[in-house]
Amino acid sequence: MAAKISSDLLRGHTDTIVLGILLEGDSYGYEIYKKIMDKSGGLYQLKEATLYSSYRRLEEDGCITSYWGDETQGGRRKYYHITPIGERMYQSNKEDWEFTKSIIDKLI
Amino acid sequence: MKDQIRTHVDRLFVGIHETKQLQELKEEISTNLLDRVNDSVARGVAPELAFHTAVEELGDMTELVDSLKAASETKWAHGYPSRPFIDRSHVLGYITASVVVLLGLLVGGYSYLQETSIATAVLYFVPFLLVAVPVFMYFGLTQETRHDYGMSSRRSLAYSLATEILILGLAASALEFYQGHPWSMLILTLGPFVIVSAVIFIYLGLTEKSRRKMGSQWQEEWVSYYSDPHTAMVRGSISGALWILSIAAFFIIGFVGSWAYSWIVFVIAVGCEPLIEAYFAARRKR
């Protein structure tokens, strides 16, 4: 049987995943989505709705800021930029995750 | 396709107060969906299928909708209206321009009472108008509305500049007229101003882009505008020519003949507009 991804487990890390993408540079919705798909090798079927909730949360917490890009054929793109608070959040979440992972590995 | 996407996104957020924040979110989602559909279509997927896949993979929006609903309801409960499109700099700009116009009226009115000459009153009023008109124009063009983005500040400045040059020319020739200069002199004065401002206007007109937002009720107009930019340009040029000619005729008839009749030109011009529109509407149908 092929291994399945636990979407519940991943959902808790959406914010960190988004912050990780933004650490590479400013980006907008569809591009962020594509990068996540590419990085996971297409194995993680993330829903865009989850991402929009995530941007909203992160922006409210001051982890990211947003600005409008130039108009394209269909309208403007909303770009996101990571703030120093976001960078610290990413580091601490990453450390937490590595610690958790090491314990789960021992237990399962 | 844009229509379809926009309608779908609109339907997701039914029942939430239409704040600027919500409009921006809808715009963001629509643009991303469109990017995604275009991407699929470029890879050879049929547009209809691409749309349905994109919408399906958008996923469950309830969490987002609920959080927005809660936010907008608390906002309204506390009596805060939605963020208006007019920001502080625009409010200041409009107020400044209005104050200048009022001051001008005051000064003009005062001088009229002193000298009972309309010419003098106008003479005092014009400098205020020269300041207020470009200010109004600049802020009017950069103003974002429900359906359009604001123009970039550089373009707005160019429009204001072209208008300023034109009214400067008109003011200068009017001044000469009151001083009793001959006709040839007036045209010589007005000419360079008209030429410079016309060149700027024509350049701006030809390089103009649509600033229309993606909106369902405006979609039809928007799509027809984009489906044939050439017709739209011809349509705009004819209207522009009509009004420039009317203004010219207004002044020529006014100066040569009588001001009592010259305004009729504008009535004729207004009457011509629907005819032009009808002609293009009939062509579009064909």
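Thresholds applied
Residues numbered from 1 in each chain as written. Chains lettered and ligands numbered in written order. Predicted model: local features only at pLDDT ≥ 70, side-chain atom pairs only at ≥ 80, totals over all residues. Heavy atoms only, no water. Helix = DSSP H or I, 4+ residues; strand = E, 2+ residues; numbered from the N terminus. Buried < 20%, exposed > 50% of the residue type's maximum accessible area, 1.4 Å probe, protein only. Contact = heavy atoms within 4.5 Å. Areas by Shrake-Rupley, 256 points an atom, 1.4 Å probe, with all protein chains shown as cover. Expected span 1.5 Å × (residues − 1). Buried area = accessible area lost by both parts, 1.4 Å probe. Salt bridge = Lys/Arg side-chain N within 4 Å of Asp/Glu carboxyl O. Patch = residues over 30% accessible without salt bridge, like charges linked within 9 Å, V, L, I, M, F, W, Y side chains within 5 Å. pLDDT = per-residue confidence, 0-100. Core = buried A, V, L, I, M, F, W, Y, C linked by side-chain atoms within 4.5 Å.

Student: Just checking my understanding: could you explain the overall build of chain A for this structure?
Tutor: Scanning chain A from N- to C-terminus turns up 5 helices and 3 strands. Walking chain A from its N terminus toward its C terminus, one meets helices and strands in the order α-α-β-α-α-β-β-α. In chain A, which comprises 108 residues, the proportion classed as buried is 39%. Across chain A, contacts joining residues at least 24 apart in sequence account for 47% of those joining residues at least 6 apart. When the accessible area of chain A is evaluated, it comes to approximately 6,500 Å², of which 54% is carbon and sulfur surface.

Student: I keep staring at helix α4 (residues 48–60) of chain A and nothing clicks. Help me out?
Tutor: Along an α-helix, a turn takes 3.6 residues, which lines up residues three or four apart on a common side. All names here are of chain A. With 13 residues, α4 should cover 18 Å at 1.5 Å per step; its first-to-last C-alpha distance of 19 Å lies within 8% of that length. With 10 of its 13 residues buried, α4 lies for the most part within the structure. Every buried residue of α4 is listed here: Glu48, Ala49, Thr50, Leu51, Tyr52, Ser53, Ser54, Tyr55, Arg56 and Leu58. Backbone geometry just downstream of α4 places Gly62 in the positive-phi region, at approximately 80 degrees.

Student: I'm lost on the interface of chain B and chain A in this one. Help?
Tutor: Note: interface size is frequently given as the accessible area lost on complex formation between the parts. Between chain B and chain A, the contact holds 29 residues from the first and 24 residues from the second. In this assembly, chain B packs against chain A so that about 2,400 Å² is buried in total across both faces, 45% of it on carbon and sulfur atoms. Of all residues in chain B, B:Glu28, B:Asn32 and B:Arg36 bury the most surface against chain A, accounting for 23% of the area lost on that side. The interface formed by chain B and chain A includes 4 salt bridges.

Student: It is not clear to me how a nonpolar patch on the surface should be interpreted in this structure. Could you clarify?
Tutor: Residues and elements named next belong to chain B. Taken together, the side chains of Leu123, Leu175, Phe177, Tyr178, Trp183, Ile187, Ile252, Val256 and Trp259 present a nonpolar region at the surface, about 880 Å² in accessible area. Those elements that place two or more of their residues in the nonpolar patch are α7 (153–178), α8 (183–206) and α10 (229–256). With 3 residues, the top contributor of residues to the nonpolar patch is α7. Note on placement: Val256 falls in helix α10. Taking relative accessible area as the criterion, Val256 reaches 63% and is therefore assigned exposed.

Student: Please clarify how the confidence of the model for chain B should be interpreted in this entry.
Tutor: Predicted coordinates in regions of low pLDDT should not be interpreted in detail. All names here are of chain B. When pLDDT is averaged along chain B, the result is 79; 87% of the residues meet or exceed 70. When pLDDT is averaged over each helix and strand of chain B, the minimum, 52, is found for helix α9 (residues 219–227) and the maximum, 88, for helix α5 (residues 88–115). Scoring of the predicted complex yields 0.49 for pTM and 0.85 for ipTM.

Student: Help me out: how do you make sense of the nonpolar core in this one?
Tutor: The biggest cluster of nonpolar side chains holds 42 residues, and the ones touching the most others in it are A:Tyr52, A:Tyr55, B:Phe13, B:Ile29 and B:Met61. Among the elements of the structure, α2 (14–23), α3 (29–39), α4 and β3 (75–82) of chain A together with α1 (2–12), α2 (20–42), α3 (47–58) and α4 (62–77) of chain B are those that each provide at least two residues to this core. With 6 residues, α2(B) is the single largest residue contributor to this core. Aside from chain neighbours lying at most four places away, what touches A:Tyr52 is B:Leu25, B:Glu28, B:Ile29, B:Asn32, B:Leu58, B:Met61 and B:Leu64.

Student: Help me understand the pattern of salt bridges in this model?
Tutor: Once the charged atoms of two side chains with opposite charge are near each other, the side chains can pair. Here the structure, examined in full by the defined rule, presents 10 salt bridges over all chains. Between B:Arg6 and B:Asp10 there is a salt bridge, and its shortest N-O distance comes to 3.6 Å. You can see B:Arg6 and its partner B:Asp10 sitting in helix α1, 4 residues apart, about one turn around the helix. With a relative accessible area of 6%, B:Arg6 lands in the buried category. Each of A:Glu48, B:Arg36 and B:Glu57 takes part in salt bridges that share partners, so that together they form one network.

Student: Teacher, can you tell me more about the confidence of the model for chain A here?
Tutor: In the predicted model, chain A carries a mean pLDDT of 86, and the fraction of residues at 70 or more is 90%. Ranking the elements of chain A by mean pLDDT puts helix α1 (residues 7–11) of chain A last with 73 and helix α5 (residues 84–107) of chain A first with 93.

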